[in-house]
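Close look at the chain arrangement
Read off the chains here:
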Amino acid sequence: MSGQPLLSVRDLTVNYGHVNAVRGIDLDLAAGEITTLVGANGAGKSTTLMALSGLVKKAGGSVQFDGRDITSLAPHKIVASGLVQVAEGRATLTTLSVRENLELGAYTRSDGAAARARDIEHVYSLFPRLAERAAQMAGSLSGGEQQMLAIGRALMAKPRLLLLDEPSMGLAPIIVQDIFRTLRRINAEGLTIFLVEQNVKQALKLAQRAYVIENGQVVLQGSGAELLGDPRVQAAYLGH
Ligand SMILES: Nc1ncnc2c1ncn2[C@@H]1O[C@H](COP(=O)(O)OP(=O)(O)O)[C@@H](O)[C@H]1O
Ligand SMILES: [Mg+2]
C-alpha cells in the first residue's frame, strides 16, 4: 500500500463470553479503495465491523482512523468522525417515508438544510428508484430498495469510510449487480468502502483489496484479482 492507510486495525480481538469470535486481526484500508472481507457464515465478519463501529466491546487491539486512535470512542462519535456503517438487516424505519429516512441519516451533521437537500438529490441520482418512491413508506419497499435506502441513509451522514455488512444477502442476482455497480460508482466519486460479504465472487470482482477470514483470523490477503485466481479461494469459496 502506498501512503498512509485511512484505516488501520491491529490485533483486533473480540470475545462473546467464551467464544473467541475475532482473534487478532490486522487490516489496512487504503483511502479511495474498496476493500472486502470475505468468509463463511460465522467466520467473524459482522463482529469485526461492529467492533470498528464501537457496537461490541473489543477484548484487545487498536483502530486508527485517518491518523486518530478511535479504539475506545463511543459509537456516535465514531459516526461523527466519518466512519459510517450501513444499518444491519436494512433496518430502515418502516413507518417513515423514504425521504424522511434519508433526512434522518444526516442527524450527526451540523451543516445547513440546503446542503442536506443537495445530498438527498445525489442519493436519488445514485438510486433513481428511491426518487420514484420518495413519499412512500420505507416498509412498502422491496428488499433491494430497502438495501438502497439503507445505503442512501448512510451516505447522508457524509462518511469518509462506508462499512457494509452483506448488502447482497437475500437479494436476486440482478439486484445485487445493480447495488454493486452503484458501490463502484460511489467509490469512483472518491468514497473509501469496506465491504463484508459471503458473496465471495462478486465481492472479489468489485474490490481492489481483499481479506479472507476463517474462524476469526485472516488466512489470506491480496488484491481482489489475486484472490479470485487463488486455487485455495476457488476450492473453498467458488466451487471449483
Ligand atoms: N451475540 C453473540 N453471542 C455469542 N456468540 C456470538 C454472538 N454473535 C456472534 N457470535 C458468534 O461469533 C462468531 C462470529 O460471528 P459473526 O461475526 O456473526 O460471523 P459472520 O458475520 O462472519 O457470519 C460465530 O461463532 C458466532 O456464532
Ligand atoms: Mg454476519
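Residues numbered from 1 in each chain as written. Chains lettered and ligands numbered in written order. Predicted model: local features only at pLDDT ≥ 70, side-chain atom pairs only at ≥ 80, totals over all residues. Heavy atoms only, no water.

We apply this condition: UniProt positions are given in the numbering used here, feature names are shortened, and annotations may be inferred rather than shown by experiment.
The name given to the protein chain in an unreviewed UniProt entry is ABC transporter ATP-binding protein, with Pelomonas candidula as the source organism. The heading Sequence similarities (unreviewed entry) in the UniProt record of the protein chain holds the text "Belongs to the ABC transporter superfamily."

**Let's talk about the sheet that holds strand β3 (residues 34-38)**
In plain terms, the rule: Only strands that DSSP links by at least two bridges are regarded as paired with each other. Helix numbers and strand numbers start at the N terminus; a helix is a DSSP run of H or I with at least 4 residues, a strand a run of E with at least 2. The axes are straight lines fitted to the C-alpha atoms, using for helices just the contacting stretch, and the angles between their N-to-C directions are given from 0 to 180°.
Spatially, β6-β7-β8-β3-β9-β10 is the arrangement adopted by the six strands of the open sheet, whose pairing is mixed. What marks the edges here is a single partner per strand, and that holds for β6 (83-85) and β10 (217-223). Between one strand axis and the next, the sheet turns through 15° on average, direction left out of account. Alignment of β3 against strand β9 (residues 209-214), held across four bridges, turns out to be parallel.

**Overview of the site of ligand 1**
Under the convention used in this document: Working definition: residue near molecule or strand if any one of its non-hydrogen atoms lies within 4 Å of it. Contacts described as polar in this section are N or O atom pairs within 3.5 Å, which, within protein, must combine one atom able to donate a hydrogen with one able to accept it, while residues neighboring in sequence count only if both atoms come from side chains. Each accessible area is a Shrake-Rupley estimate made with a 1.4 Å probe; only the visible protein chains count as cover when residues are assessed. When residues are grouped by polarity, Ala, Val, Leu, Ile, Met, Phe, Trp, Tyr, Cys and Pro land in nonpolar, Asp, Glu, Lys and Arg in charged, and all others, Gly among them, in polar.
Neighbouring residues of ligand 1: Y16, A21, A40, N41, G42, A43, G44, K45, S46 and T47. At 2.8 Å, a backbone N or O of S46 approaches an oxygen atom of ligand 1. Here an oxygen atom of ligand 1 and a side-chain polar atom of T47 are 2.5 Å apart. With the chains in place, 59% of the 560 Å² that ligand 1 exposes on its own is no longer accessible. Class assignment for the residues of the shell around ligand 1 results in four nonpolar, five polar and one charged.

**Considering the pattern of salt bridges**
The condition that has to hold: Salt bridge, as used here: a side-chain nitrogen of Lys or Arg that lies within 4 Å of a carboxyl oxygen of Asp or Glu. The buried label applies to any residue whose accessible area, calculated with a 1.4 Å probe on protein chains only, is under 20% of its type's maximum; exposed applies above 50%, and partly exposed to all values in between.
Overall, the coordinates contain 13 salt bridges when judged by the stated rule. E166 serves as the salt-bridge partner of K45, at 3.9 Å between the closest nitrogen and oxygen. Here K45 is found in helix α1 (residues 45-52), whereas its partner E166 is found in the loop between β7 (161-165) and α7 (173-188), with 121 residues between them in sequence. A single burial state applies to K45 and to E166, both of which are buried. With a closest N to O distance of 2.8 Å, R109 and D119 form a salt bridge. With R109 in the loop between α3 (98-105) and α4 (113-126) and D119 in helix α4, this pair connects stretches of sequence that are ten residues apart. Each of the two residues, R109 as well as D119, counts as buried.

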